[in-house]
Structure formats: C-alpha cells, structure tokens
Amino acid sequence: MLASKISLPFYGWYKNIVEKDLIAKLVCSNIHQVPRFNKVTLNIELNQHSGDIKSVIACLFMLEIISSQKAVYRKPRSYRKTSSCFVTLRGEKLWDFLSILSQVVLPRMSQNTITKGAQSEVKSLHVTRLKDPRGNLTLFIKDPLIFPQFEAVGQLEGIEDYLPRHFSMSVSFTTTARNKDEKKLLLESLQIPVNCVE
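Every value quoted in this text rests on a predicted model; they were computed, and no experiment measured them.

1. Here's the deal with helix 4 (residues 180-189)
- Taken residue by residue, helix 4 has E182, K183, L186, L187 and S189 as its buried positions. Down the axis of helix 4, the smallest arc covering the buried residues is 160°, so these residues share one side.
- Against helix 1 (9-26), strand 1 (37-46), strand 6 (137-141) and strand 7 (169-175) lie the buried residues of helix 4.
- Positioned one or two residues after helix 4, Q191 has a phi angle of 65°, which is positive.

Structure below.
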C-alpha cells in the first residue's frame, strides 16, 4: 500500500511530527533524505526437534495473530540447517505492528530486559539487540505471547500445547538509514530505545 494512503493514527503522528523533527535533526535538504522503514520481518526459527507439522502450524498461526497477515513456512536447505516461519510486513501492516510494539509490547518490558549480545548468552531476558552497520536492527523476543493480541480468550486454544518448548521470535527492521546516527534517531523517534546499539 502506498504511504500516502495509510491512515493509521500512529503513521499520521509520524508524518506530521516525527518526520519534520528528523528533517531538522539530520539537516536534510529534502524529505526524501529522511530515513524510513522499508519492511519489518517477524521470524521464528525451528530446530530439528521442533520442526514437526503441528509445531509449524502452531507457529504460523501465532505469527498470523500478531501480524494479521498470512505467514510462510521456509524449509531447511543445505545452506540453512533449520526451518523457519516468517512474515514480512510493509505499508499499513508495518505501521500497525510498530504501533503495538512501541506503545504496548516494549513498555511492558522493564529497561533491564533489553541488552546487547547473542541471544544464547542472555537466557533470562526478553529482548536481545544485535548491531548492524547497514541501519538495520533485530530484536529477539523470547516470549511472543506478550503481544496484546493473545489476551483475547481462546486465541491459542487447541494449539498452545504444540508450540515449541523453547523458542523466540526475531523482529528485523530494514531501513534506509545510511549510518548509525540515522538509525538511532529513526528508532528512538518511534519510542524504540536503542541505548544498547553501537
């Protein structure tokens, strides 16, 4: 969907306030130099022990509840040992997800649940940040059920028992930011703290 047709309140706030603020802070000569989000990808990796058909269906269904979009199953290949379920968000779905993430999900996590490093090194934390010089950022959410979509009674009824015992969901932001400073300003403008990104 074209950006001009997106009518979500969160996107309107970004266009009317955040975008103008970024132009001033980054001293952009025109609006096209302002860093933007290209896409957001939600992904759940499935190892060989959790890749059975029931677990796959449960993960696909969970991603579809979170994103309101059909998720895709990716089979393992010679260069990729594990299978995965993922969904790529653009346009209105992207901004709807960012709204829930920044206004509901992240505030539910205390500041000490956000750190940098490899996911395997921080087993007790909800979110792990990885640095990316291209202006992209990946969050690992260890408990995807923290999303408010699952608060409705019966959303996961019948499939909760088939979810992998240990799994996390990665959220990858692909942006047009040209350097670390632009990336930091873009994410902080949407109330996504990046104090741990280097």
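Having seen the model, we can carry on.
2. Re the confidence of the model for the protein
- When the pLDDT values of the protein are averaged, the result is 75; 69% of them are 70 or greater.
- Within the protein, the lowest mean pLDDT, 41, falls on strand 4 (residues 114-116), and the highest, 91, falls on strand 3 (residues 83-89).

3. As for the packing of aromatic side chains
- This structure, assessed with the given rule, holds eight aromatic pairs.
- Plain terms: the ring middles of Y11 and W95 are 5.0 Å apart, the flat faces sit at 65° to each other, and that makes the pair edge-to-face. Taken together, the residues span a long stretch of sequence, with Y11 in helix 1 and W95 in helix 3 (residues 91-108) at a distance of 84 residues. Exposure class is identical for Y11 and W95. Each is buried.
- A network of ring pairs unites the aromatic residues F10, Y11, W13, Y14, F37, W95 and F173 as a single cluster.
- The aromatic ring of F86 is capped on one face by R74, whose charged end is 4.4 Å from the ring centroid.

4. So, the pairing of strand 3
- Of all the seven residues making up strand 3, six are buried; the element is thus mostly covered by neighbouring parts of the structure.
- As paired strands, strand 1 and strand 3 are joined by seven bridges and run antiparallel to one another. If you follow I44 over to strand 3, its bridge partner there is C85.
- Of the pairings in the sheet, the one linking strand 2 (residues 72-74) to strand 3 comprises three bridges and is antiparallel in character. Bridging across to strand 3, V72 finds its partner in F86.

5. Some details on the pairing of strand 1
- Along strand 1, seven of the ten residues are buried, which leaves the element largely enclosed by surrounding structure.
- Of the strand pairs in this sheet, strand 1 and strand 7 are connected by seven bridges, and their pairing is antiparallel. By the bridge assignment for strand 7, K39 is matched with T174.

6. A few points about the environment of T82
- Its location among the elements puts T82 in the loop between strand 2 and strand 3.
- Measuring from C-alpha to C-alpha, the distance between T82 and E45 comes to 6.7 Å, with 37 residues separating the pair along the chain.
- Contact partners of T82, with chain neighbours within four places excluded, come to E45, L46, N47 and P76.

About the criteria used
Residues numbered from 1 in each chain as written. Predicted model: local features only at pLDDT ≥ 70, side-chain atom pairs only at ≥ 80, totals over all residues. Heavy atoms only, no water. Buried < 20%, exposed > 50% of the residue type's maximum accessible area, 1.4 Å probe, protein only. Helix = DSSP H or I, 4+ residues; strand = E, 2+ residues; numbered from the N terminus. Arc of directions from axis to C-beta. Contact = heavy atoms within 4.5 Å. pLDDT = per-residue confidence, 0-100. Phe/Tyr/Trp six-rings, centres within 6.5 Å; stacked < 30°, edge-to-face > 60°. Lys NZ or Arg CZ within 6 Å of the ring centre and 35° of its normal. Pairing = 2+ DSSP bridges.

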